[in-house]
Amino acid sequence: MSHGGNDAASTPRRLVELRGVRAGYDGIEVLHGVDLTVCAGEVVAILGPNGAGKSTTLKVLAGLHPASAGDVVIAGRRVNGATADALARRGLCLIPEGRGIFPNLTVRENLWMMTHAGVERPQVLERSLHCFPQLSDLLDRTSGTLSGGQQQMLAMARGLATDPALLVLDELSMGLAPLVVDSLYETVRQVADGGTSVLLVEQFARIVMDVADSAVLMVQGHVVDSGHPREIEGKLTQAYLGGQENP
Amino acid sequence: MEKFLIFTVVGLTLSATYAVIASGLVLTYATTGIFNFSQGAIGMVAAFAYWQLRFDWGWPTPIALVVSLGLLAPAIGLAIDRGIMRGLRGTSEATRLVVSISLMVALIALANLVWEPGRSRPMSTFFEGSRVDLGITTITYHQAITIVVAVLIAAGLRFLLHNTRIGVSMRANVDDDALVLLNGAQPKRIAGISWAVGGFLAGVGGILIAPTLSLEAGSLSLLIINAYAAAIFGRLRSLPLTFVGAIVIGLTEGYLAGYLPGDNQYFAAFRPAATVVILFVALLLVPNPRLRSRAHLREYFPPPSRSGMVMLAVVVVVAGVVLATTLDTVSLITYGPVFSLGIVALSLVPLVGFAGQISLAQLSFAGIGALAVAHHGHDGSPLGLVLAVVLAAAVGTVVALPVMRLTGIYLALATAAFAVALDRWLFNLPDFSVGPVHVRLFGLGSVSVDPLRILGHEFDSPAALLMLSAVVFAAVSLLVAALRWSRFGRQLVAMRDSEAACATFGLNLMWPRVGVFALSAGIAGLGGALYAMQLGSVAPARFDLLNGLPIFILVVVGGAGLVGSALFAGGILYGVLPLTATLGPVIAKINSLFPGFTGVGLGRNPSGAVPVFSAAAGPLRNDPVVLASMGVAMAVCYVLRLAEVFGNWAFVVLLGVALVAAMVVARRRSSSGAQGPGQGAGAGPDPEDLEWVGVTEPFTPAHLARMEQVLDLQSVDLEGAELDPVGGRDA
């Protein structure tokens, strides 16, 4: 995967494409043919109510869950069946739901784990502490003892330190105070401004309206709409309250 | 003073060995989350291999060390990871523990197969005879090497786990292996390295300690108990505290060897048991674990059905009668334990299956039952049996009270420690008095047991005792099933599912745990008493930890939450295996591997083997015509056998043929019946798919007809109810 940038102003290069992706658990299909595109340098938000299949879509993209049908294409290459670690080393960074940290390791050791993606240790430290200077006093603290906001910063540090081509965020705001959430999304905006494509899932849709360039709305395993976040916003209430028709 | 120094060195050498083995244990637990009971057994295999290469084949020491330590021990660790442990994802702690215990049993059996037990295998120490003069005392080269190796390993592990990326990744792996993947690392490779290093450390410990002990598979493998005690000091996670624990245990053993009066019968046996006493005390100091909340487990045990239980009880009693009337005296003694030790297996069902607790001491409780009936069942007094239950339950309560707050591994270790303390010490003591209570044990040998006498009828023959055991087994099966149906049973299952949820409902967690432990010990005591009656004279070796492990393994393999698993365990261990062993020595040897290897395979089907058999017999159970025909055919065979038209082998084969034929016929009738024209809607969606009708597709009258067919509701009178094709049934 090559790193995205703002050089594709005329015809945006497609970094990620999901084409008719189907997936499920224990024989029960939860994604019924999802189509999704993320262009280089773009921030795309997947919105939708509980059970819409948002997190499963991210897991399929990141290689954590297999697609039963359809194509997962990243930077023009079909990557169905690629393992999550291989994708991570090629520039895909998924920060999972909850706190994406190792609670029994120190902050320093958590940062060290990020070097598996192919970035040198000093660079990981420098980039992480530059964006989150609060972590510099906590380097030798066991990360499970940090506050929720500090833990999410540590998790987000991977998105910064490893300089991914695609940053994938699953429910970044979960369990955090509004001010912390604002601060984290400010960081997401900075990452995107640096040329990294971002795909994010957020149940609280209004949080991402100012961050995302475009949004897709998922309901019951289908993408039912896509467009500018403001256009989608008007349809959210209907989708969240269960009135959205399947395509 | 010199004596003190000498035994300090002895103690420190032992400490060093325990530290090495325990550090391997802690390493695999802290990096993979699996407590490896077979750590000592891996060390044992490495020690045997080293003996084979160095002393039997005369290879040079460095090459023998490289092959046994550098290749074999890590390869065993890797093979365990690749072949076994990877299949254990999503299984309960009990299942994982059973697999590693089974692995220990399998490795012991394998070693006994390769290196025939009982043969002398002298193994000299490193640089035998050479000593280092420390000024105040001298130590042997072997002792010095052992201590230096332990120090180097301590430093090396510390460096590995905290100062290398692979070491940090190992620790990260146990936190969240999916996140390790997302970081770009490979959890499977990391776990493989952990197991290989764990295997290497086990090998080092085994080779260092083997020359100072006899090269015997069982006792070398059980060295792990000493290492556990050290690991418990470090709460299974801290390597420095594990080393402290190893020093405490090693020095205690060293000083006991030096200063314990050897001529005192009460103390002589204490030394080997001292470690388990320390382990028991260390477990008491483990802080209260957090309450477990719901975990998604692959095991599922449905409650027993009433008809199924009645059928099981009838089958057991009939089998008892058939065995008692067809077997000769020698065979009756051989196969006698099917039901008596089957009751010991049954004692595990409420404890392990319903409550999710682990006890490795059930055969020890059986030993207490045997003692009770030996000393209080004179002239066949039923009081002996009653006291067997009461005393075993009482001892169970005493053991349970301090350790019941612990769960999982800690509880398993506490019960193993109790079992070993009985094996090595208490069962080998002469009689003694505590105040007014006079305690009589095995009298340093064996004790005789009188057969039961009830209302003038004496169960004085092996046949009568086997029938008695079968009837008691059937009765206890019904009792255990009734327990599962009761409020108490539901409480136990709820606790197994989520202690935290139970606590929020206001349930007291302590007393149900103690209660089920005591009940389970009581049942085991009853089984032990019947077993003792069958033997006529019992010695403590019958009830030791290693003899009890196959029962535990087979119950879990059968499906610990199912009453039928006890019959499965008793039938396999004391019926099928001895029967097939008569076919030849090769099969007897293969049989010795059976319990261990079946337990190792548990990860593939954690709900056990009994549901598989039960599903296979499902059509037969539901087909009264075929069932009755099979019963008649078997009864005819039985009559012909009694008339001595043929012998026992032919009888067994004919019964097998009748069973298989009936199953095949019932299956055919079932499948042809389901598709026949008289069966309503005929072929339709599978029952599992039917559950989704209404969710995945609109509900139609055809679905209703198919559902009635699957649920066999055609015969139910709906009392004129109107059927609404979409909305269901309105009264």
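Thresholds applied
Residues numbered from 1 in each chain as written. Chains lettered and ligands numbered in written order. Predicted model: local features only at pLDDT ≥ 70, side-chain atom pairs only at ≥ 80, totals over all residues. Heavy atoms only, no water. Helix = DSSP H or I, 4+ residues; strand = E, 2+ residues; numbered from the N terminus. Contact = heavy atoms within 4.5 Å. Areas by Shrake-Rupley, 256 points an atom, 1.4 Å probe, with all protein chains shown as cover. Lys, Arg positive; Asp, Glu negative; His and termini not counted. Charge placed at Lys NZ, Arg CZ, Asp CG, Glu CD. pLDDT = per-residue confidence, 0-100. Buried < 20%, exposed > 50% of the residue type's maximum accessible area, 1.4 Å probe, protein only. Phe/Tyr/Trp six-rings, centres within 6.5 Å; stacked < 30°, edge-to-face > 60°. Domains from an automatic or database assignment. Buried area = accessible area lost by both parts, 1.4 Å probe. Salt bridge = Lys/Arg side-chain N within 4 Å of Asp/Glu carboxyl O. Polar contact = N/O pair within 3.5 Å; in protein donor to acceptor, adjacent residues only side chain to side chain. Nonpolar A, V, L, I, M, F, W, Y, C, P; charged D, E, K, R; others polar.

Caption draft 1: Quick peek at the overall build of chain A. Helix and strand counts for chain A come out as seven helices and 10 strands. Dimensions of chain A along its principal axes, counting C-alpha atoms only, are 50 × 45 × 35 Å. Within chain A, contacts between residues at least 6 apart in sequence are counted, and of these 68% link residues at least 24 apart. For chain A, the exposed surface amounts to about 10,400 Å²; the carbon and sulfur share of it is 48%. Taking the average location of the 20 positive side-chain charges in chain A and that of its 27 negative ones, the two points are 5 Å from each other.

Caption draft 2: Molecular detail of the confidence of the model for chain B. Residues and elements named next belong to chain B. Put simply, chain B has an average pLDDT of 85, and 91% of its residues get 70 or more. The lowest-confidence element of chain B is strand β10 (residues 728–730), averaging 37 in pLDDT; the highest-confidence one is helix α20 (residues 462–485), averaging 95. Residue range residues 674–683 is modelled with pLDDT below 50. Its contacts to residues more than four positions away, or to other chains, number 12 contacts. In the model, residues 715–731 has pLDDT below 50 throughout and makes 14 contacts with residues more than four positions away in sequence or in other chains.

Caption draft 3: Spotlight on the environment of B:Phe127. Residues and elements named next belong to chain B. Relative to the helices and strands, Phe127 is located in the loop between α4 (93–114) and β1 (131–133). Classification of Phe127 by relative accessible area gives exposed; the value is 52%. Excluding anything up to four places from it in sequence, Phe127 contacts Tyr141 and Ile145.

Caption draft 4: Representation of the packing of aromatic side chains in the model. Residues and elements named next belong to chain B. Within the structure shown, the criterion is met by 17 aromatic pairs over all chains. Consider the rings of Phe4 and Tyr255, whose centres lie 5.2 Å apart with planes at 10°: the pair is stacked. Here the residue Phe4 occupies a position in helix α1 (residues 2–32), and Tyr255 occupies one in helix α11 (residues 239–259), the gap between them amounting to 251 residues. Its relative accessible area of 35% is what places Phe4 among the partly exposed residues. Residues Phe427 and Phe442 carry aromatic rings whose centres are separated by 5.1 Å and whose planes lie at 80° to one another, so their mutual orientation is edge-to-face.

Caption draft 5: Seen up close, the domain arrangement of chain A. All names here are of chain A. Here chain A is described as being made up of domain 1 (1–91 + 165–247) and domain 2 (100–163). Spacing between the C-alpha centres of domain 1 and domain 2 amounts to 24 Å. Taken together, the contact between domain 1 and domain 2 spans 14 residues of the former and 11 residues of the latter. The junction of domain 1 with domain 2 conceals about 1,000 Å² of combined surface from both sides, 71% of it contributed by carbon and sulfur atoms. At the surface where domain 1 touches domain 2, the tally comes to zero salt bridges. Our count for the domain 1 to domain 2 interface comes out at one residue pair in polar contact (both at pLDDT 80 or more). Counting residues per element, the side of domain 1 that touches domain 2 draws most heavily on helix α6 (residues 178–193), at five residues. A class-by-class count of the residues in the side of domain 1 that touches domain 2 yields 10 nonpolar, two polar and two charged.

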